[in-house]
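Remarks on the overall topology
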Amino acid sequence: MRFAIAGKILHVDLSKRKIWTESVPEEWIHKFIGSRGVNAKILWDSMGSGIDPLGPENTLIFGTGTLSGTFAPTSGRTTVTCKSPTTHLYLKTNVGGHWGTELKFAGYDYLVVHGAAITPVYLWIDDGKVEIRDARHLWGKDVRETTSLLHEEIGDPATQVAVIGQGGENLVYFAAIMVSVYNAAARGGAGAVMGSKRLKAVAVRGHGSVKVADGKEFYRSCHVAIKNSYEDATAKFAHLYGTAGSVPMVNEARAFPAYNFRRGYIEGAEKIGGPYLAESKYLKRRLGCNACIFCCHRYCEIKEGKYAGCYTGGPEYETISALGAGCGSIDLEVVIKANELCNIYGLDTISAGNLIQWAMEGYEKKIFTEQQLEGLRLEWGNGEVIVEMVRRIAHRQGLGNILADGVKRAAEKIGCGSEKWAIQAKGLEQSRVETRAAFGYALAFAVNPRGPDHLHSETIAEFGTRPGGRRLIKKITGDEKYANPRLIEKRADIVRWHEDCFAATDSLGLCAFINTSRFGVDPQQMADMFSAAIGKRVTEEELMEAGRRILTLEKCFNVREGATRADDVLPWRLMNEPLESLARGQDVMKAVEGKTNPEDFTPINSPAMLNRMLDEYYELHNWDKQTSWPYRETLEKLDLKEVIPELESKGKIPRKK
Amino acid sequence: MIHVKAKIFSQAIPDYSEIDLDEGSSVETLLVRIREWVALGNLGSGGHKMAFLNNTGGLVVLLNGMSIYTLSGWETPLRDGDEVSLLPMFAGG
Amino acid sequence: MKRLLAHPNKCTGCRSCMLICSFMHTDACSYHGSRIKIVSDEGHGIHTPTLCQFCEDPPCVSACPAEALSKNPKTNSIQVDASLCNGCQACISACPFGTMFFDPENQKAFTCDLCQGDPECVKVCQLPEALSYV
């Protein structure tokens, strides 16, 4: 047995009904670390460009972290990687729960699913034994019911299950893969890819273990990370109030997306915030992912009223904005109920909410026919219709069938100018950050390979609200004054540091919330834990460089698929309409158009401003500014020579002038 | 005289307070005035709220949505119609 | 005498305790090597820590035919003398809580020894506070 990792990749080809294993090359641990990084390498190797994401040529990869299965704090995260059906670009989606560690204890670091089954199947991984089993009796059942049935069928309630619900079965473009019932590998439609393979579930039971190379040093370095985590000012609040705890502050900052990103503020937002939820009758439990010490997840129940009988994990901050404020609602019961349906049908709450808001704005603007509406009253704040739309999307019923294709395609289909209020870029719905009020986020969202969201580099530090964050900004830029989200200066430097750190964090299996959301744990501490686990010294620089290599490989996948600088954009609304709640007076549009001083803040992600940041960002990366493609020397320097031949044959290695 | 609004998040549902201050008063002056106001028994039982207001290191202070640390900190001067929010430190996404 | 108490309604099901416990007592991180086990009903958000209850009159001690089990006078935990334990598993059957465990590789019984008075599990449960050593 090797240190830290099980050392095995499990391959399953559902077309050929073949199962085989491969050893994890030693070199990959240093080049790509694990999880997200190794997944990216496997994805690159497994396909050429232009394959159909919902066809048998797509590869669905589940990757555990290098530190998963140990007590390194928050080390239980897992990455799912494939080509996305909604963007036709690179997709990695990260998930908590306990499935990944179970897979590792079963003896596998990675599961790679090829091809597609003819009729529904599930995989049963029972330590070394792997079977493809009939799942026709499970098809059509929701996530929770399927998990229960599998526990019964297998005869072990401790079995960990990764499963799709009706969302994935019906190829909803934002279907999620759910693990440990309520944990979602949510974004980008990985659930639809699993559904296209007619793979209903992957059930795992692992009785093995994980050894580390230097136990004493591992214990020491993990306890440094644990201690620093506990000492961070926000650790206790994370546990008490969850990510939902951010709601009041983001609303006060006028950056809480409401009414489909028309406003950054909604009156009464505190009623759907973490502290209110914690004191309410709904919050029954606080839950934690594998090996986490913060335990920021929620579990809620509704015992009376319209939604009596509802019980679910969540809600998170993103869900609250997507299925609450974004739809013009501050009804906590609606958020919880809609969250439950997203969980059991297996849908990404961020995208689901985005689609409902798009439809509400369309309803306001009278773009739908009576036939399309079927009597639905898509009024802002109508809680019942929010809940009903989740059902219709999951089952592709009526208007739900149009929404289920994602907001880009829905707007293309319906037209009537609705592309302008489709809050998406690259084909992925934007997550609930008001990038017109935070320019580091704006850049990060524009360059994220999977589309505009925060899980590529969470630049919370730029808000300047916390001393740890200000220290980090000073470390990156040399001056605390750059801890200001309304500046354009230094955003490229800030995003680059964060994306390196985030990639390394994901690949080790650690939760992104251990750093960048909190400021106790830094890359040096991560490198220490990594080194002790594998028995080879890895410096902070090497770790961050591995992070850089990983996200560059992800970029290369997109380059191979045909992505260019033109794809590194933000949604139309955010690039063309100023944020109302930060715009003062009638002169804002004038100020935007006839800008006298380019340094003046205007709450808009204008092309000029985005282009300036992109130029700096590509320059820092040593990528060609015109195309955004990496230069040969950049790939060579990062030890990514293996991608050059294919990119070159497609004419995608730019010449440096 | 300037008229300023404060929103105090010492608990889940915030308290509101509207205060008149001298022209050019700082955010710190506002905080002192709020403390005095709470100490006088406004906003009900003050103990928990006073602890919140005294924990300046653990406060996020927003002036019209901007962290005061991106402005001039506690010395940032206030103008008529300004809105100040006082929140405990949180994080997440 | 201090006792290690579990508060089930605060348990988040994170399993950090299991991973550190197994590490401290075996040569690897696992669930089976842990002296504390979390029993979960994930669908209903219910997670329950189960561990030795440090009984006043331990049935496991009485059941042992080899007199391998005794109470540690310092910590009040059950100690297993590995040189005497013959792997008969009578103690495992006798424990009403199901918190005496068997290591099939070494054919020995094991249970919580409170880490000799400085329990590691408590150290990784400081926010949920589902475990306390009082």
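Everything discussed here concerns the structure shown above.
Residues numbered from 1 in each chain as written. Chains lettered and ligands numbered in written order. Predicted model: local features only at pLDDT ≥ 70, side-chain atom pairs only at ≥ 80, totals over all residues.

**What about the overall build of chain C?**
For clarity, the cut-off: Put simply, DSSP marks the helices as runs of H or I at least four residues long and the strands as runs of E at least two long, and each gets a number from the N terminus on. Every radius of gyration here is taken over C-alpha atoms, with the globule rule written as 2.2 Å times N^0.38, N being the number of residues.
Helix and strand content of chain C: four helices and eight strands. Taken from N to C terminus, the helices and strands of chain C fall in the order β-α-β-β-α-β-β-α-β-β-α-β. Rg of the C-alpha trace for chain C: 14 Å, near the compact-globule value of 14 Å for 134 residues, within the 12% margin. For chain C, the spread of C-alpha atoms along the principal axes amounts to about 40 × 30 × 25 Å.

**Regarding the interface of chain C and chain A**
Rules: The contact rule is simple: place each C-beta atom from the backbone, and if two of them lie within 7 Å, those residues are in contact. Here the term charged refers only to Asp, Glu, Lys and Arg, the term nonpolar to Ala, Val, Leu, Ile, Met, Phe, Trp, Tyr, Cys and Pro, and the term polar to all other amino acids, Gly among them.
Chain C puts 22 residues into the contact, and the matching count from chain A is 35 residues. Residue classes in the side of chain C that touches chain A are distributed as nine nonpolar, 10 polar and three charged.

**Topic: the sheet that holds strand β6 (residues 110-114) of chain A**
Backbone hydrogen bonds are what pair the strands of a sheet, in a parallel or an antiparallel way. Residues and elements named next belong to chain A. Where we set the bar: For two strands to pair, DSSP has to find at least two bridges joining them. The angle between two axes is taken between their N-to-C directions and runs from 0 to 180 degrees, where each axis is a line fitted to C-alpha atoms and a helix contributes only its stretch in contact.
One open sheet accounts for six strands, arranged β2-β1-β6-β3-β4-β5; its pairing is mixed. Taken across any chain shown, the strands that pair with only one partner, and hence form the sheet edges, are β2 (18-23) and β5 (90-95). The mean inter-strand angle of the sheet, taken between neighbouring strand axes irrespective of direction, is 15 degrees. Pairing analysis gives five bridges linking strand β1 (residues 8-13) to β6, with the strands arranged parallel. Residue pairing across strands places Leu10 opposite Leu111, the latter belonging to β6.

**Concerning the sheet that holds strand β14 (residues 297-302) of chain A**
Residue and element names in this part refer to chain A. The three strands are arranged β13-β14-β15 in an open sheet whose pairing can be described as antiparallel. Where the open sheet ends on each side, the last strands, each with one partner, are β13 (283-287) and β15 (310-313). Across this sheet, the average inter-strand angle for adjacent strands is 10 degrees, counted without regard to direction. Pairing of β14 with β15 involves four bridges; the strand directions are antiparallel. From the neighbouring strand, Tyr299 faces β15, where its bridge partner is Gly313.

**Re helix α2 (residues 35-46) of chain A**
All names here are of chain A. Defined as follows: Expected span of a helix: the number of residues minus one, times 1.5 Å. Partly exposed residues are those whose C-beta has more than 12 but fewer than 20 other C-beta atoms within 10 Å; 20 or more makes a residue buried and 12 or fewer makes it exposed, with C-beta atoms placed from the backbone.
Under the 1.5 Å per step criterion, the end-to-end length of α2 is 16 Å for 12 residues, consistent within 8% with the ideal 16 Å. Counting buried positions along α2 gives nine out of 12 residues, so the element sits mostly inside the fold. Listed in full, the buried residues belonging to α2 are Ser35, Arg36, Gly37, Val38, Asn39, Ala40, Lys41, Ile42 and Leu43.

Such coordinate-based values are descriptive only and should not be taken to indicate function.
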